[in-house]
Amino acid sequence: MPLMTTKPMFDLAYDGGFAIGAFNVNNMEITQGIIEACAVEKSPLILQVSKGARKYANYRYLRHIIAAAVEEHPELPIAIHLDHGDTVDLVQTCVSDGFTSVMIDGSHHPYEENVALCKKATEVAHANGVTVEAELGMLGGIEEDVVGLNAEEYQKNIEKFLTDPQQAADFSKRTGIDSLAVAIGTSHGAYKFKHEATLAFNRVEQIMKTCPGLPLVMHGSSSVPQEFIDLINKYGGAMPNAKGVPEDQINMAVKKYGVCKVNIDTDLRLALTAKIREVFATKPAEFDPRNYLGPGREAIISMVRRKVGPTVLNSAGKADAVIKQWEKLGKPLPAYYGRK
Ligand code: G3H
Ligand code: 13P
Ligand code: ZN
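Description of the structure in this document. (Residues numbered from 1 in each chain as written. Chains lettered and ligands numbered in written order. Predicted model: local features only at pLDDT ≥ 70, side-chain atom pairs only at ≥ 80, totals over all residues. Heavy atoms only, no water.)

Our focus in this paragraph is the pairing of strand β5 (residues 131-136). Most of β5 sits inside the fold, with 6 of its 6 residues counted as buried. Neither face of β5 is open: one carries Thr131, Glu133 and Glu135, the other Val132, Ala134 and Leu136, and all of them are buried. Here strand β4 (residues 101-104) runs beside β5; their pairing, made up of 4 bridges, is parallel. From the neighbouring strand, serine 101 faces β5, where its bridge partner is threonine 131. Handedness of the crossover is the feature at issue here: the chain leaves β4, passes through helix α6 (residues 111-127), returns alongside β5, and the resulting connection is right-handed. Pairing of β5 with strand β6 (residues 179-182), which is carried by 4 bridges, proceeds in the parallel orientation. What sits directly across from glutamate 133, in β6, is serine 179. (Buried < 20%, exposed > 50% of the residue type's maximum accessible area, 1.4 Å probe, protein only. Helix = DSSP H or I, 4+ residues; strand = E, 2+ residues; numbered from the N terminus. Pairing = 2+ DSSP bridges. Right-handed = clockwise from strand over helix to strand, strands pointing away.)

On to the packing of α6 against helix α10 (residues 165-175). Between α6 and α10, whose axes approach to 9 Å, the crossing angle comes to 35°. You can see that α6 and α10 cross each other, and the crossing is right-handed. Facing α6, whose interface residues are Tyr111, Glu112, Asn114, Val115, Cys118, Lys119 and Thr122, α10 presents Gln167, Asp170, Phe171, Arg174 and Thr175. (Axes fitted to C-alpha atoms, helices over the stretch in contact; angles between N-to-C directions. Left-handed = near helix turned anticlockwise from the far one by under 90°. Contact = heavy atoms within 4.5 Å.)

Attention now goes to unusual backbone geometry. Unlike most non-glycine residues, asparagine 58 shows phi in positive territory, near 70°. Note on placement: asparagine 58 falls in the loop between α3 (51-57) and α4 (59-72). A positive phi angle is found at asparagine 314, which is not glycine, with a value near 60°. Its place among the elements puts asparagine 314 in the loop between α15 (290-308) and α16 (319-328).

Time to look at the pairing of β4. On β4, burial covers both faces: Ser101 and Met103 on one face and Val102 and Ile104 on the other are all buried. The pairing of strand β3 (residues 78-85) with β4 spans 3 bridges and is classified as parallel. Residue pairing in the sheet places leucine 82 in a bridge with valine 102 of β4.

What follows deals with the pattern of salt bridges. Under the counting rule described, the total for this entry stands at 16 salt bridges. Across the pair lysine 261 and glutamate 133 runs a salt bridge, and its minimum N-O distance is 2.7 Å. In this pair, lysine 261 is assigned in strand β8 (residues 259-264) and glutamate 133 in strand β5, connecting sequence segments 128 residues apart. Of the two residues, lysine 261 and glutamate 133, both sit in the buried class. When the shortest N-O distance is used, the salt bridge between arginine 290 and aspartate 288 registers 3.0 Å. Note on arginine 290: relative accessible area 66%, which makes it exposed. Salt bridges sharing partners connect three or more residues here, namely Glu227, Glu247, Asp267, Arg306 and Lys307. (Salt bridge = Lys/Arg side-chain N within 4 Å of Asp/Glu carboxyl O.)

Relative to the elements of secondary structure, asparagine 251 occurs in helix α13 (residues 247-256). You can call asparagine 251 buried: its relative accessible area is 13%. Reaching out from asparagine 251, the side chain makes a polar contact with the backbone oxygen of valine 312 at a distance of 2.7 Å. Residues in contact with asparagine 251, not counting those within four places in the same chain, are Pro310, Thr311, Val312 and Leu313. (Polar contact = N/O pair within 3.5 Å; in protein donor to acceptor, adjacent residues only side chain to side chain.)

The coordination sphere of the zinc ion (ligand 3) contains the protein donors His84 (NE2), His188 (NE2) and His219 (ND1), at a distance range of 2.1 Å. On the primary sequence, the residues serving as donors to the zinc ion (ligand 3) are separated as H-x103-H-x30-H. Placement of the pair is histidine 188 in the loop between β6 and α11 (201-210) and histidine 219 in the loop between β7 (216-218) and α12 (226-234), with a sequence separation of 31 residues. For histidine 219, a relative accessible area of 1% translates into the label buried. (Donors = N, O, S within 2.8 Å, 3.2 Å for Na, K, Ca; no water.)

The next subject is the packing of aromatic side chains. On inspection of all chains with the given rule, the structure shows 4 aromatic pairs. Centroid distance tyrosine 59 to phenylalanine 99: 5.1 Å. Interplanar angle 40°. Geometry classified as tilted. Here the residue tyrosine 59 occupies a position in helix α4, and phenylalanine 99 occupies one in the loop between α5 (88-97) and β4, the gap between them amounting to 40 residues. Exposure remark for tyrosine 59: the relative accessible area of 6% places this residue in the buried category. Classification of phenylalanine 99 by relative accessible area gives buried; the value is 0%. Judged by centre distance (6.2 Å) and plane angle (45°), the rings of tyrosine 111 and phenylalanine 171 are tilted. On the criterion of sequence distance, the pair formed by tyrosine 111 in helix α6 and phenylalanine 171 in helix α10 is long-range, its members being 60 residues apart. (Phe/Tyr/Trp six-rings, centres within 6.5 Å; stacked < 30°, edge-to-face > 60°.)

Below you can see the structure in the form of structure tokens.
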């Protein structure tokens, strides 16, 4: 049962030229699509659950879907991660629910509050053998709404929102976190860039210097594949200006820098939506959910296979090595599973 924390994964990914895909799960078909793709490609993976996903699906259902995925594929190294947790209480709940990793996101708080929140959350998680991700800086897409900025104001002032390398060093030292989500120009959702997409790789280099060895995480890393946007627009949707992070830029972040975890949610949503729209438009009499969710799941499988492949995350074929690393570390599992 290689359910594990992110530690053995990041140990190898940091300078191994690959990163672990962290895919958001909200229902059975999405979970199956991700896991089937990783099984074919022998790729380690992180299944992540947001607060919204917990609410939408009722975590009890998601927990059993995820448990089924782990049971179906005992050969795969899998971490179960809380995405954008906002309180210590939620971290505690997820630890009790069997998550092996959590994110505590205090990036929208003043710095000292973020430090205090993450320090407390890390104490709770670490006491239970669970790894912790935090965030510094501000991504676009969703997070700017929190401070009342629109997307244009955010882009205009982007330098100011990128992660500060000196602050990152202070932050990781004072909180004891295991990985840090950095703001380097990515953003959440399907409308990431108006013009040319560019990531601030110089920031990543600086952060790697001030925080040597600290695994870095890239949120907002969907590439918004044109094939899905075309299908959505062709079959009644309206997403004319959707734009994501080009996959070659993700690949560069992964191969050249200490980016160990890459978050992908929007691309899963687009794959599912595109296929459902196609079925509805081309087969208007169709009313069996299996006949539109099934093609959506197939589209997720193909898309995730490409993501974990050498042109994007390069994690395909790394499952066995991660399991070996986990064994070398003494198979650590959260206390929930009865072991330290
Ligand atoms: O970063 C946000 C993820 O895409 C999760 O989104 O909160 O709508 O589930 P959600
Ligand atoms: P995308 O919206 O680019 O898929 O980012 C997802 C994410 O960062 C989840 O935390
Ligand atoms: Zn995110």
